[in-house]
Amino acid sequence: MMVLTVRKLNIIVFFRHLFAMILSLAAAAAMSSGSSLNSSSPLDPFDSSTSWSLGEDPSNSSSEPVVRTLTPDLRPSNAAVAVREVSPWDIALCVTGTLISCENALVIAVLFYTPTLRAPMFVLIGSLAAADLLAGLGLILNFVFAYLVDGSVEFVTLLSVGLLISAFSASVLNILAITVDRYLSLYNALTYHTERTVTFTYVMVALIWASSLALGLLPALGWNCLGDESACSVCRPVTKVNAVALAVAFLLVFALMMQLYLQICKIAFRHAQQIAVQHQFVAISTTKGVSTLSAILCAFGACWLPFAMYSIVADSSYPVMYTYAAVLPATCCSVINPVIYAFRNPDIQKSLWLACCGCVPSNLSLRPRTSSDV
């Protein structure tokens, strides 16, 4: 009982500090709409009308090179600086980022403060929650950078876009890893759980994060359109070529997931046919599992496919409203992920009930689950 009380207090203290940090960022960003900003055009990686050149004089038509500098221009300006109004789309993205951060912070806290949740399956769930948490914080920081930070600072632009690319790439790759884990646990049901170790899972997670960080660093390494406005994609400052490459890679990942889930359904139906004694029970359970798999795949595709297809066909000349309309559903995938992969798990539900209420409801199923359960 003493250990349970200490664990409960640790989770409460953790969330008190984390929620205070998130709410302070959101409040500071919201207050920017009523304040006068003495900066140039704000940063918005999704805004195709934003100028990203630093220290350039558009009236300079000579052949002399333009000097770029990251230091702000402290000379007084005679012209009035226009204050940008807060876009409702940016507010929606900031609210979505706050919801994503809170949900996934809850998942991470439960996994961290519950020693029994250390199986490889929970390592993958924790990695997915960490990726979605970074994505939510990236959306909040993007709002803060857009309205509170000088948009002429090139470093801020690359940092914001790099964080979002890394976080969402890690989220998609972790979902693929969970799908592969489910497939292998069914395909090699007798040997996979003995062959799969926590070390192997950590190595796989490390490869996922290394690949995601490499993708996020591409804009900072020169793969950006800051020097050529015509090469920009709908997500500035990512170039059109890089955006198409990322979209095609996502389509390949989605196609692989569809194939794996199709194989999972075939294996599940074959197992159901082999068990004649419990045929009726297994048939109902299998039908429910297939429906859940279909819902998971449809939700993932509905969130990401519009943005992937739009990134292929569109460029920076398209209206920015279309970009926001395609980006917002993609961010909602990180809202759905904790519900699908974490909160449906009985072990995590048990830890949540113990942390919040100190008891477990009698109707909660405590049946041991494997990574193949859906």
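Above this text is the structure in question.
This text gives an overview of the structure that appears in the document.

Each value, and the rule that gives it
- Residues numbered from 1 in each chain as written.
- Predicted model: local features only at pLDDT ≥ 70, side-chain atom pairs only at ≥ 80, totals over all residues.
- Heavy atoms only, no water.
- Helix = DSSP H or I, 4+ residues; strand = E, 2+ residues; numbered from the N terminus.
- Buried < 20%, exposed > 50% of the residue type's maximum accessible area, 1.4 Å probe, protein only.
- Polar contact = N/O pair within 3.5 Å; in protein donor to acceptor, adjacent residues only side chain to side chain.
- Phe/Tyr/Trp six-rings, centres within 6.5 Å; stacked < 30°, edge-to-face > 60°.
- Lys, Arg positive; Asp, Glu negative; His and termini not counted.
- Salt bridge = Lys/Arg side-chain N within 4 Å of Asp/Glu carboxyl O.
- Contact = heavy atoms within 4.5 Å.
- Patch = residues over 30% accessible without salt bridge, like charges linked within 9 Å, V, L, I, M, F, W, Y side chains within 5 Å.
- Areas by Shrake-Rupley, 256 points an atom, 1.4 Å probe, with all protein chains shown as cover.

Before going further, it helps to examine the side chain of asparagine 242. In this fold, asparagine 242 is placed in helix 7 (residues 240-274). In this structure asparagine 242 comes out as buried when scored by relative accessible area, which is 10%. A distance of 3.2 Å separates a polar atom in the side chain of asparagine 242 from a polar atom in the side chain of threonine 239.

Here we take up the packing of aromatic side chains. Counted under the stated rule, the structure contains 11 aromatic pairs. Considering the side-chain rings of phenylalanine 168 and tryptophan 304, the 5.6 Å spacing of their centres and the 75 degrees angle between planes classify their relative orientation as edge-to-face. With a gap of 136 residues between them, phenylalanine 168 in helix 4 (residues 154-187) and tryptophan 304 in helix 8 (residues 279-313) connect regions that are remote in the sequence. For the pair phenylalanine 168 and tryptophan 304, a shared accessibility class is recorded, and that class is buried. These aromatic residues form a ring-pair network of at least three members: Phe168, Phe250, Phe254, Phe300, Trp304 and Phe307.

With that out of the way, let us pick up the side chain of glutamate 103. Take glutamate 103: it is sitting in helix 2 (residues 88-113). Among buried charged residues, glutamate 103 stands out as having no salt bridge; its nearest opposite-charge side chain is arginine 344, 13 Å away. Once residues within four sequence positions are removed from consideration, glutamate 103 is found in contact with Ser334, Val335, Pro338, Val339 and Phe343.

A cluster of nonpolar residues, Leu217, Leu221 and Trp223, forms a patch on the protein surface that exposes about 360 Å² of accessible area. Looking at where leucine 221 falls in the secondary structure, it is placed in the loop between helix 6 (198-217) and helix 7.

Let us look at the environment of alanine 247. In this structure, alanine 247 sits in helix 7. Residue class for alanine 247 comes out buried when judged on its relative accessible area of 4%. Sequence separation between alanine 247 and isoleucine 312 is 65 residues, and the spatial gap between their C-alpha atoms is 6.7 Å. Setting aside chain neighbours within four positions, we find alanine 247 in contact with Ala308, Ser311 and Ile312.

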